[in-house]
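Working through the structure, step by step
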Amino acid sequence: MKLVPLDDKVVLKKVQNEETTASGIIITGQDKEKPGQGEVVAAGPGGIVDGKEIKMQVKPGDKVVYSKYAGTEVELDKEKFLIVKQSDILAIIK
């Protein structure tokens, strides 16, 4: 199966942040106070949303930073994804 987002929605695969302490211990997981990071899996076509024209600025493969409480988590074929509005994406990581 495949997720196909509508309108201004974007499907993200979360990227886990890793931090290494001074002693070399790797701490995995995302800090609850920081925005999340993910990779764009699919992006909707854009169009007219709530009376405004939306042009999609992200594409599959882009690494992005998104708002802390954004989106809806879904699980498909034992993989977890996050569906967000494009406006919940704060930046593209280059």
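Residues numbered from 1 in each chain as written. Predicted model: local features only at pLDDT ≥ 70, side-chain atom pairs only at ≥ 80, totals over all residues. Heavy atoms only, no water.

1. A word on the nonpolar core
Counting residues in each nonpolar core, the largest one holds 11 residues, listed as Val10, Leu12, Val40, Met56, Val58, Val64, Tyr66, Ala70, Leu82, Val84 and Ile89. For this core, the elements supplying multiple residues, two or more each, are strand S1 (9-15), strand S7 (63-66) and strand S9 (79-85). (Core = buried A, V, L, I, M, F, W, Y, C linked by side-chain atoms within 4.5 Å. Buried < 20%, exposed > 50% of the residue type's maximum accessible area, 1.4 Å probe, protein only. Helix = DSSP H or I, 4+ residues; strand = E, 2+ residues; numbered from the N terminus.)

2. Quick word on the side chain of Asp62
Relative to the assigned elements, Asp62 resides in the loop between strand S6 (52-54) and S7. Side-chain polar atoms of Asp62 contact the backbone nitrogen of Lys59, separated by 3.0 Å. The residues touching Asp62, leaving out its near neighbours within four places in the chain, are Gly38, Glu39, Val40, Gln57 and Ile92. (Polar contact = N/O pair within 3.5 Å; in protein donor to acceptor, adjacent residues only side chain to side chain. Contact = heavy atoms within 4.5 Å.)

3. Section: unusual backbone geometry
Despite not being glycine, Asp7 shows a phi value in the positive range, around 50°. Within the secondary structure layout, Asp7 lies in the segment before S1. Its identity as a non-glycine residue notwithstanding, Asp50 has a phi of 55°, on the positive side. Note that Asp50 resides in the loop between strand S5 (47-49) and S6.

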